[in-house]
Amino acid sequence: MPLTIRDLQDYKRQGRIITALTAWDALSGAWVDASGCDMVLVGDSLAMVSLGHPTTLPVSLGAMVHHAQAVGRTIHRPLLVADLPFLSYQCGAEQAVAAAGRFLKETPCQAVKLEGAEPETMAAISRLVRTGIPVMGHLGLTPQSVHRLGWGRQACSAPDQEQLRQKALDLQQQGCFALVLEHIPAVLAGGLRRELDIPVIGIGAGPDCDGQILVTADLLGLTARQPPFVKPRLQGAEMFKQALQGWCHEQRHQGQTTHPPKEGNPPTPDC
Ligand code: KIV
């Protein structure tokens, strides 16, 4: 049986750290499922990791559902959550319910994540929770607002910290079951971990959180542009490149010994 939002809330009460990773297809889903993590996020970061976009903004709802279906085929124990993509919930609560409903009806996802706490987003979250759809909040660096906020650390001044704190309390009040805090000062995240009853899951928010989440491709060293708060566990891109180059080299070498060039065709140089 997969974990539920109640299990993760119990983990917070028990002081057990929640581990969460992202996945974008069946292959990455199988990797994170085997890791023993507690939550898997089909994050809209897949727009960058898997689809090659420069930001998360272009990925469509249909594409997110498609990827969530693929991930869902390989996930067994972790709670499965999907990101509602840009403009699938900002334009009204009805639209948010329809978008989130697709994940709950067409994929094995058990919950959705929304970024920010603007009044429209709060209205959407309230409506989703009342409809029975669990919602995870996301504050701090919210990549769907990258053109306004940039990629840098957020909530560095005292007024910004107080504003973020108030938004976090509002999200809990609105019924979010957990909150992601991205790229904010550790002291702010730690304070919120103590103040909130719901689990605080950090990413670049220091160690004093109820749980940690990372983009799996960053952790495996597969992405070209690493965020400053991730230390890759291996140089995945380089390892894959070398393995594939090695295979190509071997095939050409074997071909040269088993397939002598035909009369008049000079051998192709092995690069
Ligand atoms: O899209 C994503 O992968 C995320 C994580 C960075 C939290 O939202």
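A quick note: this is a predicted structure, and the numbers were derived from the prediction, not measured.

Quick notes on the rules
- Residues numbered from 1 in each chain as written.
- Predicted model: local features only at pLDDT ≥ 70, side-chain atom pairs only at ≥ 80, totals over all residues.
- Heavy atoms only, no water.
- Helix = DSSP H or I, 4+ residues; strand = E, 2+ residues; numbered from the N terminus.
- Buried < 20%, exposed > 50% of the residue type's maximum accessible area, 1.4 Å probe, protein only.
- Contact = heavy atoms within 4.5 Å.
- Areas by Shrake-Rupley, 256 points an atom, 1.4 Å probe, with all protein chains shown as cover.
- Lys, Arg positive; Asp, Glu negative; His and termini not counted.
- Charge placed at Lys NZ, Arg CZ, Asp CG, Glu CD.
- Expected span 1.5 Å × (residues − 1).
- Core = buried A, V, L, I, M, F, W, Y, C linked by side-chain atoms within 4.5 Å.
- Salt bridge = Lys/Arg side-chain N within 4 Å of Asp/Glu carboxyl O.
- Near = heavy atom within 4 Å.
- Polar contact = N/O pair within 3.5 Å; in protein donor to acceptor, adjacent residues only side chain to side chain.
- Nonpolar A, V, L, I, M, F, W, Y, C, P; charged D, E, K, R; others polar.

> Explanation requested: the overall build of the chain in the structure shown.
Across its full length, the chain carries 11 helices and eight strands. Across its three principal axes, the chain shows a C-alpha extent of roughly 80 × 40 × 35 Å. Taken over 271 residues, the chain has a buried fraction of 46%. Summarising the internal contacts of the chain: among those between residues at least 6 apart in sequence, 60% fall at separations of at least 24. Here the chain displays about 13,500 Å² of accessible surface, and carbon together with sulfur accounts for 57% of that area. The average position of the 23 basic charges and that of the 25 acidic charges among the side chains of the chain differ by 2 Å.

> Please explain helix α4 (residues 61–72) as it appears in this structure.
Two residues of an α-helix separated by three or four positions point the same way, owing to the 3.6 residues in each turn. Given a rise of 1.5 Å per residue, 12 residues ought to cover 16 Å, and the 16 Å separating the end C-alpha atoms of α4 matches this to within 8%. Along α4, the positions that sit buried rather than exposed are Met 64, Val 65, His 67, Ala 68, Ala 70, Val 71 and Gly 72. Each element contacted by the buried residues of α4 is listed here: α2 (26–35), β2 (39–42), α3 (46–49), β3 (79–83) and α5 (93–106).

> Looking at this structure, how should I read the nonpolar core?
Grouped burial of nonpolar side chains is what soluble globular proteins tend to show. Ranked by size, the top nonpolar core spans 54 residues in total, and within it Leu 84, Phe 103, Val 112, Leu 114, Leu 128 and Leu 181 carry the most contacts. At five residues, α5 tops the list of elements feeding residues into this core. Apart from residues no more than four positions distant in its own chain, Leu 181 is found in contact with Leu 139, Leu 164, Ala 189, Leu 192, Val 200, Ile 201, Gly 202, Ile 203 and Ala 205. In this structure, Leu 41, Leu 79, Val 81 and Ile 203 belong to the second largest nonpolar core, which totals 18 residues.

> Mind showing me how you'd approach the pattern of salt bridges here?
Any two side chains of opposite charge can pair, given that their charged atoms come close. By the definition in use, this model includes 13 salt bridges. As a salt-bridge pair, Asp 210 and Lys 12 come within 2.7 Å of each other at their nearest N and O atoms. Highlighted residues: Asp 210 in the loop between β7 (200–203) and β8 (211–214) and Lys 12 in helix α1 (residues 5–14), separated in sequence by 198 residues. One exposure class covers both Asp 210 and Lys 12, and it is buried. The salt bridge involving Glu 94 is made with Arg 127; its shortest N-O contact spans 2.5 Å. With Glu 94 in helix α5 and Arg 127 in helix α6 (residues 119–131), this residue pair connects regions lying 33 residues apart in the sequence. In this structure Glu 94 comes out as exposed when scored by relative accessible area, which is 56%. Among the charged side chains, a network of salt bridges with common partners joins Lys 12, Arg 193, Arg 194, Asp 208 and Asp 210.

> Where do I start with the site of the ligand in this structure?
Contacts to the ligand come from Thr 22, Leu 41, Gly 43, Asp 44, Ser 45, Asp 83, Lys 113, His 138, Glu 182, Ile 203 and Val 215. A distance of 2.8 Å separates an oxygen atom of the ligand from a polar atom in the side chain of Lys 113. Protein contacts shield 96% of the accessible area of the ligand, which totals 260 Å² for the unbound molecule. Of the residues in the shell around the ligand, the class split is three nonpolar, four polar and four charged.

> Which parts of the structure should I look at to understand the environment of Gly 101?
Here Gly 101 shows up in helix α5. Owing to a relative accessible area of 15%, Gly 101 belongs among the buried residues under this scheme. In sequence terms Gly 101 and Tyr 89 are 12 residues apart; their C-alpha atoms lie 12 Å from each other.

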